[in-house]
Every structure is written in C-alpha cells, then in structure tokens.
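# Descriptive structure summary
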Amino acid sequence: MPLTDEQRQEVAAEQANTRPTRRATVPALEDILYEPAPVLDHGFVRVVDYMGDDGAIVQAARVSYGRGTRRVSEDAGLINYLMRHRHTTPFEMCEIKYHVKLPIFVARQWIRHRTANVNEYSARYSILDNEFYLPRPEHLAAQAATNRQGRGDVVEGPAARRVLDLLREDAERAYAGYTQMLNEDDAGNPVDPSWSGLARELARMNLSLNFYTQWYWKIDLYNLFHFLALRADPHAQYEIRAYAEAMLATVERWVPLAHAAFLEYRMHAATISATGLTVIRRMLAGEPVDQKSSGLNPREWRELMAVLGRESG
Ligand SMILES: Cc1cc2nc3c(=O)[nH]c(=O)nc-3n(C[C@H](O)[C@H](O)[C@H](O)COP(=O)(O)OP(=O)(O)OC[C@H]3O[C@@H](n4cnc5c(N)ncnc54)[C@H](O)[C@@H]3O)c2cc1C
C-alpha cells in the first residue's frame with residue numbers, strides 16, 4: 001500500500017473540497033483527481049492539477065473567443081490534423097501536474113526529460129522511508145543476447161530466488177546503516193546519546209538505487225506526448241514504462257480526442273525513410289525485393305519488415 005492512513009485522509013480531504021470555477025474542467029479526470037494509481041510495488045502516480053481540455057487545443061488553434069457551436073467530430077478532425085502535421089503550440093496550451101513516487105533508478109531516466117518542471121522530495125531535509133523496489137518474478141530477466149540495452153529470458157528457479165534475496169538483503173543492510181548514521185528516534189532524539197548523528201544529506205548516500213523518491217512533475221501536453229512516445233514504447237525499460245502506461249490512462253480521461261490522435265499518429269504509427277518508401281513502392285508494384293537489393297542495411301531492413309508485419313529473412 002503506497003499511502004499511509006494519514007496520507008489517505010489528506011487525499012480524501014482534498015477530494016471532498018470543491019471550488020466553483022468558470023474554467024474548463026473535465027469530469028472524467030475530476031473523478032480520479034488526487035487518487036494515486038499504484039505502480040510497481042510501492043510507487044504511484046496521481047494527478048494533482050491540470051489546465052485545459054480538448055476544447056483548449058481547438059480554441060488555441062483557431063484563436064477563438066469561445067467554444068462556439070462546433071460538433072465534436074469537427075474538433076476531432078482538427079486535433080487529428082494538428083497531430084498528423086506535428087503542430088506543437090496548440091497542445092502546449094494544456095498542462096498537467098503529477099505527484100509520482102518512483103525508484104531512484106527510474107527517476108534518473110525520467111529526469112532526462114528537460115521540458116517539465118520538477119520538485120523532488122528533499123532527503124537533505126527529510127528522512128527517506130524504508131521502501132525499496134523488488135521486481136516481480138516475471139520481470140526478473142537476464143541480459144538480452146541481441147540488444148545490449150534490453151532484457152532477455154526470465155530468470156527462474158534458485159537463481160531467481162538468490163537474486164531477489166541479494167536485492168532485499170543489500171537494501172535492508174543499506175537502510176540499517178542509514179538509520180544508524182542518522183542516529184534519530186521517531187521523536188528526533190539521538191538513539192545513541194554519545195554522538196549527534198550524521199547530517200541527512202550525507203547519511204542518504206549509501207542507499208541503493210531501488211529506494212523510492214517522490215516528486216511533483218508538471219508538463220504541457222505536447223511534451224507529455226513526447227515523453228509518453230519514448231517511455232510507453234516497448235523499447236523503454238519496463239519499470240519506467242509502467243509509469244508511462246498509468247499516465248496514458250490519465251491522458252485518455254483528460255483529453256480523449258488528443259489521446260486518440262496520439263495513438264493513431266504517433267504511438268502506433270511508424271516513420272519510414274525515403275529508401276524504405278521506395279522499397280514499399282517496389283513491393284506494391286509486384287517487384288521482388290530483398291535486403292541486398294533494397295538499399296537498406298540489415299537492421300533497417302528488419303525494422304521495416306517488422307513495421308510491415310513480414311518475415312525479414
Ligand atoms: C529507449 C531509450 C534509451 C536511452 N538510452 C540512453 C543512454 O544509453 N544514455 C543516455 O545518456 N540517455 C539515454 N536515453 C535518454 C535520451 O537520449 C534522451 O535524453 C531522453 O529520452 C530525453 O529525450 P529528449 O531530449 O527528446 O526529451 P526532453 O528533454 O523532454 O526534450 C524534448 C525536446 O525538446 C528539445 N530540447 C529540450 N532541451 C533542449 C536543448 N537543451 N537543446 C535543444 N533541444 C532541446 C528537443 O527537441 C527534445 O527532443 C534513452 C532514452 C530512451 C527512450
């Protein structure tokens with residue numbers, strides 16, 4: 001359970017608190033506002049604020065005074081056009097703010113996305129909880145043989161148990177050392193009165209990368225789509241993908257038309273090179289084409305055949 005009883009009560013109090021507004025709100029997103037969606041073993045992602053809706057994208061694109069009397073199909077058509085032609089700024093009119101609890105090694109990948117505003121939990125000021133990530137057995141995989149940046153077959157049996165034991169024992173030992181160095185009881189008094197304890201900013205440095213941190217993360221919709229295209233993709237590491245997939249579900253509630261356009265023209269679409277297009281045209285004309293005659297290198301050939309759903313042999 002990622003939230004304590006006290007934190008749950010705070011969430012419930014926020015949810016009970018409603019405010020009248022003239023601004024656009026989205027009932028489907030209001031329904032889950034503040035509610036943490038569990039991710040991994042102790043993590044979560046929850047929406048804490050947002051600005052705009054599908055209508056805001058259309059309004060900005062048309063620079064109009066109000067919502068007008070257009071039909072949903074017209075808005076969908078315009079949003080599809082904007083997504084297909086890679087327009088940016090209309091999508092930047094919408095913003096969303098998340099509260100995320102995530103392992104430090106996931107945070108290191110996530111923070112590479114420079115277009116968000118981030119405020120992280122301070123382990124200089126506060127004490128980190130004794131919570132660390134342990135992969136579920138089905139996610140305990142060996143190094144991939146073909147892709148140096150990926151996972152291969154699942155590790156099973158005694159080897160899997162040994163790995164999980166090592167991960168748990170190392171994290172527990174690290175946390176025990178951390179609390180020993182802090183030398184503080186729950187009331188903030190020294191456990192061992194013979195010394196003052198180490199500063200929090202120093203004691204934290206022996207914790208392993210699977211310990212959880214938290215942050216508030218605010219981003220506009222255009223850059224969120226860029227993040228999701230990279231991190232909800234099967235090439236992304238499973239752990240960050242789990243967060244991206246939970247966030248995609250919030251985007252579907254928030255801006256259903258833009259979400260559908262994103263799936264259609266980005267997420268499930270493909271970019272084809274000029275040479276790749278020539279290959280497709282030759283195939284459509286009934287010409288036999290193989291990798292050697294295609295002008296593509298073996299990797300590009302495999303990727304194109306995968307996009308076309310054909311054997312690459
Ligand atoms: C599968 C995968 C594997 C990866 N492997 C590695 C790895 O091995 N090593 C590694 O170091 N990283 C790795 N990365 C991180 C990757 O290289 C990018 O740093 C990360 O995905 C952020 O992408 P971004 O810069 O497009 O995003 P953002 O920082 O969100 O930027 C969005 C866009 O804004 C523009 N932009 C933002 N800041 C600038 C700027 N200062 N100058 C110019 N344009 C800017 C760019 O157009 C950029 O695409 C990997 C990422 C993925 C998804």
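Going by the structure above, here's the rest.
Residues numbered from 1 in each chain as written. Predicted model: local features only at pLDDT ≥ 70, side-chain atom pairs only at ≥ 80, totals over all residues. Heavy atoms only, no water.

We now examine the overall build of the protein chain. Each helix and strand in the protein chain was counted, giving 14 helices and seven strands. Viewed in the frame of its principal axes, the protein chain has a C-alpha envelope of about 85 × 55 × 30 Å. By the burial criterion, 37% of the 313 residues in the protein chain qualify as buried. Partitioning the intrachain contacts of the protein chain with sequence separation of at least 6 by distance along the chain shows that 67% fall at a separation of at least 24. (Helix = DSSP H or I, 4+ residues; strand = E, 2+ residues; numbered from the N terminus. Buried < 20%, exposed > 50% of the residue type's maximum accessible area, 1.4 Å probe, protein only. Contact = heavy atoms within 4.5 Å.)

Before going further, it helps to examine the nonpolar core. Within the largest apolar cluster, 58 residues are counted, with the highest numbers of intra-cluster contacts made by Tyr 98, Trp 110, Trp 217, Leu 221, Leu 224 and Trp 254. Tallying contributions element by element places helix α10 (residues 238-254) first for this core, with nine residues. If near-sequence neighbours (up to four positions away) are discounted, Trp 217 is found in contact with Ile 96, Lys 97, Tyr 98, Trp 110, Ala 116, Asn 117, Val 118, Leu 224, Phe 227 and Met 247. Counting 12 residues, the second largest nonpolar core, distinct from the first, contains Ala 123, Tyr 178, Leu 182 and Leu 207. (Core = buried A, V, L, I, M, F, W, Y, C linked by side-chain atoms within 4.5 Å.)

Here we have five strands laid out as an open sheet, ordered β1-β2-β3-β7-β4, and antiparallel in their pairing. Either end of the sheet is taken by a strand with one partner, and the two such strands are β1 (37-39) and β4 (117-120). Ignoring which end each strand starts from, the neighbouring axes of this sheet average 25 degrees apart. Judged from the three bridges that link them, β1 and strand β2 (residues 43-51) form a sheet pairing that is antiparallel. Within the sheet, the bridge partner assigned to Pro 38 lies in β2 and is Phe 44. Here helix α9 (residues 221-231) sits on the sheet in contact with β3 (95-103) and β7 (212-220), set at roughly 130 degrees to β7. (Pairing = 2+ DSSP bridges. Axes fitted to C-alpha atoms, helices over the stretch in contact; angles between N-to-C directions.)

As a further point, take the packing of α10 against helix α11 (residues 256-267). Where α10 contacts α11, the axes come no closer than 5 Å and their chain directions differ by 130 degrees. Here α10 lies oblique to α11, going by the angle between them. Each of Leu 248, Val 251, Glu 252, Arg 253 and Trp 254 in α10 lies in contact with α11, whose residues at this interface are Pro 256, His 259 and Phe 262. Looking at side-chain class alone, the contact of α10 with α11 contains five nonpolar, one polar and two charged residues. (Parallel < 35°, antiparallel > 145°, perpendicular 65-115°, else oblique. Nonpolar A, V, L, I, M, F, W, Y, C, P; charged D, E, K, R; others polar.)

What follows deals with the packing of aromatic side chains. For the structure on display, the rule yields 11 aromatic pairs. Each ring, one from Phe 132 and one from Phe 211, has its centre 5.5 Å from the other, and the planes form 65 degrees; the classification is edge-to-face. On the criterion of sequence distance, the pair formed by Phe 132 in the loop between β4 and β5 (141-143) and Phe 211 in the loop between α8 (200-203) and β7 is long-range, its members being 79 residues apart. Aromatic pair Trp 217 and Phe 227: ring centres 4.9 Å apart, planes at 55 degrees, arrangement tilted. You can see Trp 217 sitting in strand β7 and its partner Phe 227 sitting in helix α9, a full 10 residues away along the chain. Across the pair, exposure class does not vary: Trp 217 and Phe 227 are buried alike. These aromatic residues form a ring-pair network of at least three members: Trp 110, Trp 215, Trp 217, Phe 227 and Tyr 243. Taking the ring centre of Tyr 212 as reference, the NZ or CZ of Lys 101 above it sits at 5.9 Å. (Phe/Tyr/Trp six-rings, centres within 6.5 Å; stacked < 30°, edge-to-face > 60°. Lys NZ or Arg CZ within 6 Å of the ring centre and 35° of its normal.)

This brings us to the side chain of Thr 250. Within the secondary structure layout, Thr 250 lies in helix α10. When residues no more than four places from it in sequence are discounted, the contact partners of Thr 250 are Leu 29, Ile 32, Val 47 and Tyr 98.

On the secondary structure map, Thr 213 appears in strand β7. The class for Thr 213 is buried, based on a relative accessible area of 5%. Side-chain polar atoms of Thr 213 contact the side chain of Glu 120, separated by 2.6 Å. Here Thr 213 is in contact with Val 100, Lys 101, Leu 102, Ile 104, Ala 107, Glu 120 and Tyr 121, once residues within four sequence places are set aside. (Polar contact = N/O pair within 3.5 Å; in protein donor to acceptor, adjacent residues only side chain to side chain.)

One way to put it is that helix α4 (residues 72-84) packs onto α11 with a least axis distance of 9 Å and a crossing angle of 40 degrees. Taken as axis vectors, α4 and α11 run oblique relative to one another. Of the two elements, α4 crosses α11, and the hand of that crossing is right-handed. Taken together, the residues of α11 that come into contact with α4 (itself represented by Val 72, Asp 75, Ala 76, Ile 79, Asn 80, Met 83 and Arg 84) are Leu 257, Ala 258, Ala 261, Phe 262, Tyr 265 and Arg 266. Per-class residue counts for the contact of α4 with α11 are nine nonpolar, one polar and three charged. (Left-handed = near helix turned anticlockwise from the far one by under 90°.)

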